[in-house]
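Residue strings, one per chain:
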Amino acid sequence: MKRPIPASGLGHVRIVLDENFYIGPGRADLLEGIEKTGSISAAGKAMSMSYKRAWTLVQALNDGAGTPLVETTRGGKAQGGAHLTEAGREVLFRYRAIEQKIRAAIEPDVEAMRTLVRRTPPKP
């Protein structure tokens, strides 16, 4: 699934902390979905992602961070679920803050470029 380019022109921001950990828009969206739904499966499904793929990303985030960002509980009567840890919420908050700062910093240049490359719709 292709992600639409935001109106600000900000493409994809990937923050690489070291060879074991990075976070980009997909991983941030997954964390956000887990926080909202309380479920890895539901968060993945909302992103048109298989449970296996979502679970693999959660494992990569947890392993790469060296501390759990997402904690899970097993099923049963309580149905199980998932939630972000304090560290997970903080990583997500910081990532979104970085996105906003980049957007604000590049907006004048994006608008200048947009003015230069405005195109008329193709003729039928």
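Provided above is the structure to which this section pertains.
Rules used in this analysis
Residues numbered from 1 in each chain as written. Predicted model: local features only at pLDDT ≥ 70, side-chain atom pairs only at ≥ 80, totals over all residues. Heavy atoms only, no water. Helix = DSSP H or I, 4+ residues; strand = E, 2+ residues; numbered from the N terminus. Expected span 1.5 Å × (residues − 1). Bend = angle between axes of the 7 residues up to and from the residue. Buried < 20%, exposed > 50% of the residue type's maximum accessible area, 1.4 Å probe, protein only. Contact = heavy atoms within 4.5 Å. Phe/Tyr/Trp six-rings, centres within 6.5 Å; stacked < 30°, edge-to-face > 60°. Lys NZ or Arg CZ within 6 Å of the ring centre and 35° of its normal.

J.: Describe helix H4 (residues 86–116), listing the residues and the values that go with them.
T.: The end-to-end C-alpha separation of H4 is 44 Å, in line with the 45 Å expected for 31 residues at 1.5 Å each. At Ile106, H4 shows its largest bend, some 50°, and a proline, Pro108, comes one to four positions later. Along H4, the residues classified as buried are Gly88, Leu92, Tyr95, Arg96, Ala97, Glu99 and Val110. Packing partners of the buried residues in H4 comprise strand E1 (15–18), strand E2 (21–23), helix H1 (25–37) and strand E4 (81–84).

J.: Lay out the packing of aromatic side chains with the relevant residues and their values.
T.: Taken as a whole and judged by the stated rule, the model has one aromatic pair. Consider the rings of Tyr51 and Trp55, whose centres lie 6.5 Å apart with planes at 10°: the pair is stacked. Here the residue Tyr51 and the residue Trp55 both occupy positions in helix H3 (residues 51–65), the gap between them amounting to four residues, near one helical turn. By relative accessible area, which is 29% here, Trp55 ends up partly exposed. The ring of Tyr22 carries the charged tip of Arg14 above its face, separated from the ring centre by 4.0 Å. Its guanidinium or amino end placed over the ring of Tyr22, Arg27 lies 3.8 Å from that ring's centre, counting from NZ or CZ.

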